[in-house]
Each structure stands twice: as structure tokens, then as C-alpha cells.
Amino acid sequence: MQILTQLVFSGIALGMIYAVIAFGYQLTFATSDTLNFGQGDALMLGALVGLTLVGLGVNYWLMIPIVCVFGALQGAVVERIGVRPAIKIKSEFGWIMSTIALGIIFKNVAENIWGRDDLKFPSPLPESPMKFLGANVLPMELLVVFGALAMMLAVEFFNRKTIYGKAVVATFNDRDAAKLMGINTSLVITFSYALSSLTAAFAGVLIAPLTLTGATMGAVLGLKAFAVAIIGGLTSGMGIVVGGLILGIAETTTGFYLSTGYKDVPGLVLLLIVLALKPAGLFGKTAIKKV
């Protein structure tokens, strides 16, 4: 039972990272019906930039807002270069290939700047575990969980309680109607991409002290977060969190009780089942289009 509790706690921390990255997918899909398939690379760049700043003597807590600003700028560049031209010409696949291509470019740039080897990110918290319900929990794992929740709640508060957030929600509900009401929907879409990459960069500096940091760290995380977004539903914030927790706990328990070689299987199987039975996701809503 103690081992199971340990695996569940580790799975929750991992799942919340998946949820934060998947939350970024939801942000862009809500405003433009597009996805940034370079989310994993935004996470990777955030972690590496954060590592560089810490190496230069910047305090970890001061480094976080700097990395978030960097992530927002990177996301805005992706939207301006890769997504907006495709939206203008109404290309169904242009934004897919553009975001993938930009992700590959960012990865190659990272390899040339930081090298191909994985690097150790110093932990800002003690690395000795704490006892909680009979399990050993790292302080950094608790920071990951609460930091991820705080980020998602802050974005939800922004969308519901601020005038700019309401413009985002209006664009989500009906882009054409929002444009007629005077909302600059192009700017809203740029903002959603900036916020999407910001959350990914934030996730990068959260998870970096728990794992190795390198140019390839974002590929798998971005793919699994996409699976979480599909499982939970691209239109449901609650679904994103639940999907992340399901995948995170499934991976840690499968890796221990079966084999680490099979830890990716449960999430992929669940993804296939959800796509077959409920394509909109466990908590997603199927859009009804009038023709």
C-alpha cells in the first residue's frame, strides 16, 4: 500500500505537468481552432533558458517570471510566422506543418547553443524527501502540483474576471460575432499563442529540477500532453486536469508493476478508446455546426 501511495503521488506530479502543457493546447484551440504542435519545444526552451539564467546567478524564483516573458514572446512569434498566414488563406494543414517546422527549428537551435547532452538543473528546494501518508514526497513534486494548479487557476480567473479575458472568451464562443463587436480577434489569437507558450515554459522550469534538461526533453512531453488534451477534451479545463492525472498515475503504476518499457502503453490505449467512443474527449462537448 505504501508503494502504491508513492506511485500515485509521483503520478499526480507528472500528470499535472502534462495538464499544464495540455492547457496550452486548449488555449489556442479555443480562439483559432488551431494547435501549436511545438508546445513541447516551448517547454524545452523555457527549461534551458531558465538553466542559463540560474547558471548566471539569477535566483530561481526571479528566473520564473523572466522565463514566462520569454515563453510569451516565443509563442507570439510562432503565431505571427507560422499560424496567421495559414489562417488568412484558410489552409487546413498549413498551421500544422508550420508549427511542427518551427518546433524542429527551435530544437536545432537549442542543440547548437546548449549541446546535445542532458544537463542537471539545480533544485531550489531541499532534495531530501518528506514523509506524507507513509510515502516519500519530494518538496519539488509538491511545488509542481501547486504551481501547475496556480497557473491554470490564474488563467481561468483572467478569462472570467477581466475585460481582456472576456474578449478571449467571446472569440472562443463566436469569432465572427466577436469581430463585429469590435474585438481584435487577430490580436486575441496572438495572445492565446503567447499564453500557451508561457504556460509551457513555466512547466519547463517546474519539471526541470526533477529530470534532466536538454534539447530533446520536450518531444515526448509535448506528445503526451496532446494525448491528455484529447482524452480530457479540448474544450474542458476540468477534463485537461483529469486526463493529466489519469495518464500520470497510469504511467507510474504501469512502469513499476509491469515494466518501464510498457509505461507509455496505458495512455495510448486510453487515447484510442476515447477516440473511438467519445472523440470530443471525456469532458469535451461535441460542436454542432449548422449547414
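All figures in this text were calculated on a predicted structure; none of them were measured in a lab.

A.B. asks: Would you explain the overall build of the protein in this entry?
C.D. replies: Helix and strand counts for the protein come out as 11 helices and 4 strands. A compact globule built from 291 residues would reach a C-alpha radius of gyration of about 19 Å, and the protein, at 19 Å, matches this within 12%. Summarising its shape, the C-alpha atoms of the protein cover approximately 55 × 45 × 35 Å along the three principal directions. Here the protein holds 291 residues, and 48% of them are scored as buried. The contacts of the protein with a sequence gap of at least 6 include a subset with a gap of at least 24, amounting to 76%. Charge separation in the protein, taken as the distance between the mean sites of 19 positive and 14 negative side-chain charges, equals 9 Å.

A.B. asks: Looking at this model, I keep getting lost on the environment of I21. Mind explaining?
C.D. replies: Relative to the helices and strands, I21 resides in helix α1 (residues 2-32). Separated by 19 residues in the primary sequence, I21 and G40 place their C-alpha atoms 7.7 Å from one another.

A.B. asks: Where do I start with the pattern of salt bridges in this structure?
C.D. replies: Proximity of charged atoms lets side chains of opposite charge pair with each other. Taken as a whole and judged by the stated rule, the model has 5 salt bridges. Two residues, E111 and K107, come together in a salt bridge whose shortest N-O distance is 2.9 Å. Taken together, the residues E111 and K107, both in helix α4 (residues 94-114) and 4 residues apart, mark about one turn of the helix. With a relative accessible area of 14%, E111 lands in the buried category. For K107, a relative accessible area of 26% gives the class partly exposed. Among the ionic pairs, E251 bridges to K224, the shortest N-O distance being 3.1 Å. Here E251, found in helix α10 (residues 237-257), pairs with K224, found in helix α9 (residues 217-232); they are 27 residues apart in sequence, far enough to count as distant. The class of K224 is buried, set by a relative accessible area of 11%. Counted as one network, the salt bridges with shared partners bring together K107, E111 and R116.

A.B. asks: Would you mind showing me how to read unusual backbone geometry here?
C.D. replies: Residues other than glycine predominantly adopt negative phi, and peptide bonds predominantly adopt the trans conformation. Phi angles above zero are rare outside glycine, and D33 is one such case at about 60°. Along the polypeptide, D33 turns up in the loop between α1 and α2 (39-55). Residue classification places D33 among the partly exposed positions, given a relative accessible area of 49%.

A.B. asks: What is the right way to read α2 from this model?
C.D. replies: The first and last C-alpha atoms of α2 sit 24 Å apart over 17 residues, in line with the 24 Å expected at 1.5 Å per residue. Among the 17 residues that make up α2, 14 are buried, leaving the element largely enclosed by the rest of the structure. One or two positions beyond α2, positive phi appears at G57, with a value near 100°.

A.B. asks: Honestly, the environment of L195 in this entry has me stumped. Any pointers?
C.D. replies: Along the polypeptide, L195 turns up in helix α8 (residues 185-207). In this structure L195 comes out as buried when scored by relative accessible area, which is 13%. For L195 and L27, which are 168 residues apart along the polypeptide, the C-alpha to C-alpha distance reads 7.6 Å. Those residues in contact with L195, other than ones at most four positions away along the chain, are L27 and V155.

Conventions used here
- Residues numbered from 1 in each chain as written.
- Predicted model: local features only at pLDDT ≥ 70, side-chain atom pairs only at ≥ 80, totals over all residues.
- Heavy atoms only, no water.
- Helix = DSSP H or I, 4+ residues; strand = E, 2+ residues; numbered from the N terminus.
- Rg over C-alpha atoms; globule rule 2.2 N^0.38 Å.
- Buried < 20%, exposed > 50% of the residue type's maximum accessible area, 1.4 Å probe, protein only.
- Contact = heavy atoms within 4.5 Å.
- Lys, Arg positive; Asp, Glu negative; His and termini not counted.
- Charge placed at Lys NZ, Arg CZ, Asp CG, Glu CD.
- Salt bridge = Lys/Arg side-chain N within 4 Å of Asp/Glu carboxyl O.
- Expected span 1.5 Å × (residues − 1).

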